[in-house]
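Here is how the chains run, residue by residue.
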Amino acid sequence: MAEREERPTRVVVIGGGFAGVNTAKQLIARLGRRRDVSVELLSEENYFVFQPLLPEVAAGGIAATHVVNPIRELVPGARFRCCRVVSIDHAAKDVLVSQGAGLELVRVPYDQLVFCLGKITSFAAMPGVAEHGLAMKDLSDAFRLRNHVVRCLELADIERDPAAKAALLTFVVAGGGFSGVETIGELSELVSRSLAYFPHIARDEVRFALVHAGPRILPEMSEALGAAARAVLERRGVQMLLDARVRAASPNAVYLADGRVLETRTFVCTVGTAPNPIVEQALAQGGFRRAELNGRPIPAFAVTAELACLDRPGYWAVGDCAGVPSPSGKGLCPPTAQFAMREAKTCARNVLATIDRQPLQPFAFRPLGSLASLGQRSAVAELFGLHLTGFIAWFLWRTVYLLKLPGFVRRLRVALDWTLDLFFPRDITQLSVLRHEHLHIHHYEPGEAIVRQGQVGREMYVILQGEVEISAAGAGAVARLGAREVFGERALLEDTPRNATVRAVRASDVLVMSRSDVRAMAKSLPVLEDYFSDLLRSRHPQAGAPIETSLAVGQP
Ligand SMILES: Cc1cc2nc3c(=O)[nH]c(=O)nc-3n(C[C@H](O)[C@H](O)[C@H](O)COP(=O)(O)OP(=O)(O)OC[C@H]3O[C@@H](n4cnc5c(N)ncnc54)[C@H](O)[C@@H]3O)c2cc1C
């Protein structure tokens, strides 16, 4: 019993973003030399990402590693556990995590639990976007986008088919909020500054489009600043598609709900978020209340003005996963880093006040303003009631974010990146960004070609849903295939050209298998080897001997 009394009170913070890192940091700062409270931070990655600078990373203005900090370095006084939270055992007061190389399931006990899990990207409502769209949420997204854009320029420079070249040079971003506007602004800078290296691409061949569901971009800012941002981007040639929604995407195009089709190889989707699954789980099973916005429940924790989860003592929520009542008395606080950091401070204070049986303090904060970079040394800013646009706003934007970036060394590195960027061209090194080397799913809209006659195929396909039509020059449509049927098996016959074109008749999802995938499967399961051999024999009887070797092990 005596031993139990001596045990420190365990505060566990889950999530290593703006909310989690700052909550842990504030707790450690307030605890000073106290040893009666322990702080443990759990997060999937061992680094903190400064998301507002991701569009600059995507545009090559800042090196990727300069906008991340190791969490251990940011919060040295807290215990850090790099793990994935799997569920919460509310009865036992344990967080269940999978950790280590073997993904072992471990229990982390807590007395006070702070949820800082943010939201996740979800494109589920838009077929094909998860497979063919690029997100802008994490470091890997920014890194992938930069390399993808440079690859498109490389391919466009040598492309002889005008339609294919146009698609390679069309860059589409969905979402007219901060991240979408900043992404298209920065992309336009990357492309325009790189064109000097691509002699076969004319400036007027490049096209940018911003798709936004509302009537004006940057709805978080005043109407005048939204209009100013729009004018700057339009002057740069960005096409504004307002009151427009993305319906679907394929490897070749973005489909809008109003029927318009944008042929492109680059689609960045900054819209589409969903609650973190752990938050959903807790809301469904843990007795937590959902926050409400305009009278409608939203998938975030309802919290008091003190950041405590409603009706659940010992539980707190901060940042994007919390519905924090706005100190203005109207609605909820916006899901921004600016608010998450201030909420973290109040939450840390109140967690310790609860442990010490002291009165709690409500969250109070008046936002200082907001800034959005438009690339090419231009921005819009609303600060202390002042409206600024152009170079001054851009300079302010850089200064504010530089000061907010955690860690002196990172600040110095970003400042150096920005200084070099003023005098030198952007880096157009293209690193490999292959997202799926193995089995993956593609989505196609009706009429789109999946394989074309004459092309050398190295992939075969299984229809998961939808319908495709097979046609051959001179013979017209020869067959239709539906769910669970296979096509493209000619890819197994050593680089022989396709003898037919396959088009989606209905919206279709297909499983794409490379030749090496199929050979690996055939090698491991004799039943599959028989299946693929029979398929080749029945559909390509004239192929003869190659069939015997086409499934042989060791061939690429
Ligand atoms: C491109 C972009 C630009 C932005 N620009 C601005 C801006 O200019 N100004 C501004 O104020 N805001 C901006 N924001 C918004 C801001 O970044 C978010 O509001 C902020 O990140 C929210 O912080 P958070 O800690 O609540 O969530 P997050 O930052 O999303 O952090 C969630 C954390 O939880 C961890 N996690 C999730 N699930 C698990 C699990 N199961 N197990 C373990 N760990 C888990 C994640 O790894 C992550 O560390 C921008 C966002 C983006 C994407």
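Criteria and thresholds
Residues numbered from 1 in each chain as written. Predicted model: local features only at pLDDT ≥ 70, side-chain atom pairs only at ≥ 80, totals over all residues. Heavy atoms only, no water. Helix = DSSP H or I, 4+ residues; strand = E, 2+ residues; numbered from the N terminus. Rg over C-alpha atoms; globule rule 2.2 N^0.38 Å. Contact = heavy atoms within 4.5 Å. Areas by Shrake-Rupley, 256 points an atom, 1.4 Å probe, with all protein chains shown as cover. Lys, Arg positive; Asp, Glu negative; His and termini not counted. Charge placed at Lys NZ, Arg CZ, Asp CG, Glu CD. Near = heavy atom within 4 Å. Polar contact = N/O pair within 3.5 Å; in protein donor to acceptor, adjacent residues only side chain to side chain. Nonpolar A, V, L, I, M, F, W, Y, C, P; charged D, E, K, R; others polar. Pairing = 2+ DSSP bridges. Axes fitted to C-alpha atoms, helices over the stretch in contact; angles between N-to-C directions. Parallel < 35°, antiparallel > 145°, perpendicular 65-115°, else oblique. Salt bridge = Lys/Arg side-chain N within 4 Å of Asp/Glu carboxyl O. Buried < 20%, exposed > 50% of the residue type's maximum accessible area, 1.4 Å probe, protein only. Phe/Tyr/Trp six-rings, centres within 6.5 Å; stacked < 30°, edge-to-face > 60°. Left-handed = near helix turned anticlockwise from the far one by under 90°. Core = buried A, V, L, I, M, F, W, Y, C linked by side-chain atoms within 4.5 Å. Right-handed = clockwise from strand over helix to strand, strands pointing away. Expected span 1.5 Å × (residues − 1).

J.: What is the right way to read the overall build of the chain from this model?
T.: For the chain, the count of helices and strands is 16 helices and 32 strands. For the chain, whose C-alpha radius of gyration is 27 Å, the value lies close to the compact-globule estimate of 24 Å for 556 residues. Considering only C-alpha atoms, the chain reaches an extent of 85 × 60 × 45 Å along its principal axes. If you take every contact in the chain between residues at least 6 apart in sequence, the share linking residues at least 24 apart comes to 67%. Total accessible area on the chain stands at roughly 26,000 Å², and carbon and sulfur atoms take up 55% of it. In the chain, 63 side chains carry a positive charge and 58 a negative one; their mean positions are 5 Å apart.

J.: How should the site of the ligand be read in this particular structure?
T.: Near the ligand there are 27 residues, and of these Ala 19, Gln 51, Val 85, Asn 276 and Tyr 401 occur at the shortest range. At a separation of 3.0 Å, an oxygen atom of the ligand approaches a polar backbone atom of Gly 16. Its free accessible area being 1,000 Å², the ligand has 88% of it covered by the protein chains. Contributing elements (two or more residues each) for the shell around the ligand: helix H2 (18-31), strand E5 (79-89) and helix H11 (337-355). At three residues, E5 tops the list of elements feeding residues into the shell around the ligand. In terms of residue class, the shell around the ligand is made up of twelve nonpolar, eleven polar and four charged.

J.: How do you make sense of the sheet that holds strand E15 (residues 261-263) when you look at a structure like this?
T.: Backbone hydrogen bonds hold the strands of a sheet together, and the pairing may be parallel or antiparallel. Strand order in the open sheet made by the three strands is E13-E14-E15, with antiparallel pairing throughout. Each end of this open sheet is capped by a strand with a single partner; those strands are strand E13 (246-249) and E15. When strand polarity is set aside, the average angle formed by the axes of neighbouring strands in this sheet is 20°. Judged from the three bridges that link them, strand E14 (residues 253-256) and E15 form a sheet pairing that is antiparallel. When the bridges of E15 are listed, Ala 253 appears paired with Glu 263.

J.: What is the right way to read the packing of helix H14 (residues 515-524) against helix H15 (residues 526-539) from this model?
T.: A pair of packed helices is characterised by two quantities: the angle between their axes and the separation of those axes. One can describe the packing of H14 onto H15 by two numbers: an axis separation of 5 Å at closest approach and a directional angle of 125°. When the interaxial angle is binned, H14 and H15 end up oblique. Note on element contacts: H15 touches H14 through Pro 526, Leu 528, Glu 529 and Phe 532, opposite Val 518, Met 521, Ala 522 and Ser 524. Classifying every residue of the contact of H14 with H15 by side-chain character gives six nonpolar, one polar and one charged.

J.: What is the right way to look at the pattern of salt bridges in this model?
T.: Proximity of charged atoms lets side chains of opposite charge pair with each other. If you walk through the whole model with that rule in mind, you get 24 salt bridges. With a closest N to O distance of 2.9 Å, Arg 193 and Glu 189 form a salt bridge. You can see Arg 193 and its partner Glu 189 sitting in helix H8 (residues 178-194), four residues apart, about one turn around the helix. Under the relative-accessibility criterion, Glu 189 is labelled buried at 8%.

J.: What is the right way to look at the sheet that holds strand E26 (residues 449-451) in this model?
T.: A sheet is described by the order of its strands in space; here four strands give the open sequence E26-E31-E28-E29, paired in antiparallel fashion. With partners counted over all chains shown, the strands left at the sheet margins are E26 and strand E29 (476-481), one partner each. Here the average twist between neighbouring strands, direction ignored, is 30°. Sheet topology places strand E28 (residues 468-472) next to strand E31 (residues 501-504); four bridges connect them, and they run antiparallel. Pairing of Val 468 across the sheet is with Ala 504, part of E31.

J.: Looking at this structure, I do not really get the packing of aromatic side chains. What am I missing?
T.: The relation between two aromatic rings is expressed through the spacing of the ring centres and the mutual angle of the planes. Under the criterion given, the structure shown has 19 aromatic pairs. Through a chain of ring-to-ring contacts, three or more aromatic side chains come together here, namely Phe 18, Phe 48, Phe 50, Trp 397, Tyr 401 and Trp 418.

J.: Would you mind showing me how to read the packing of H2 against H11 here?
T.: For the pair H2 and H11, interaxial distance at closest approach is 8 Å and the crossing angle is 40°. Where H2 crosses over H11, the handedness of that crossing is right-handed. Residues Phe 18, Ala 19, Asn 22, Thr 23, Gln 26, Leu 27, Arg 30 and Leu 31 of H2 lie in contact with H11, whose contacting residues are Ala 337, Ala 340, Met 341, Ala 344, Lys 345, Cys 347, Ala 348, Arg 349, Val 351 and Leu 352.

J.: What's the story with the nonpolar core in this structure? I'm lost.
T.: A general feature of soluble globular proteins is that nonpolar side chains tend to end up buried together. Among the nonpolar cores identified, the biggest contains 122 residues, and Val 95, Phe 115 and Phe 301 are the most heavily contacted of them. When residues no more than four places from it in sequence are discounted, the contact partners of Val 95 are Val 12, Ile 14, Leu 42, Val 85, Ser 87, Ile 88, Val 106, Arg 107, Val 108, Tyr 110 and Leu 113. Formed by 17 residues, the second largest nonpolar core is a distinct cluster that contains Val 254, Leu 256, Leu 262 and Cys 269.

J.: How do you make sense of the pairing of strand E11 (residues 207-211) when you look at a structure like this?
T.: Looking down a regular strand, the side chains alternate between one sheet face and the other. The buried fraction of E11 amounts to four of the five residues, a majority that puts the element mostly inside the structure. Pairing of strand E10 (residues 170-174) with E11, which is carried by five bridges, proceeds in the parallel orientation. Residue pairing across strands places Ala 174 opposite Val 211, the latter belonging to E11. Crossover connection from E10 via H8 to parallel E11: handedness right-handed. In this structure, E11 lies alongside strand E12 (residues 238-241), joined through four bridges in parallel fashion. Bridge pairing in E12 links Phe 208 to Val 238. For the handedness criterion, the β-α-β arrangement of E11, helix H9 (residues 223-235) and E12 is classed as right-handed.

J.: Explain unusual backbone geometry here, please?
T.: Positive phi outside glycine occurs at Gln 376, with the angle close to 50°. With respect to the helices, strands and loops of the structure, Gln 376 is situated in the loop between strand E22 (369-375) and strand E23 (378-383). For Arg 484, which is not glycine, the phi dihedral falls at a positive 75°. Within the fold, Arg 484 resides in the loop between E29 and strand E30 (486-487). With relative accessibility at 74%, the residue Arg 484 sits in the exposed group.

J.: Is there a simple way to explain the pairing of strand E1 (residues 9-14) in this structure?
T.: Both E1 and strand E2 (residues 37-43) contribute to a ladder of six bridges, which runs parallel. Of the residues in E2, the one forming a bridge with Ile 14 is Leu 42. For the crossover that starts at E1, traverses H2 and ends in the parallel E2, the hand is right-handed. Pairing geometry for E1 and strand E8 (residues 112-115), over four bridges, is parallel. In the sheet register, Val 11 faces E8, and the bridge partner there is Gln 112.

J.: Explain H9 to me, please; I cannot follow it from the model alone.
T.: What sets the pattern is the α-helix's 3.6 residues per turn: residues three or four places apart point alike. Its 13 residues give H9 an end-to-end C-alpha distance of 18 Å, which sits within 8% of 18 Å, the value for a rise of 1.5 Å per residue. Residues of H9 that are buried sit in contact with H8, E12, E22, E23 and strand E24 (386-390). Of the residues flanking the end of H9, it is Gly 237, one or two places downstream, whose phi is positive at about 95°.

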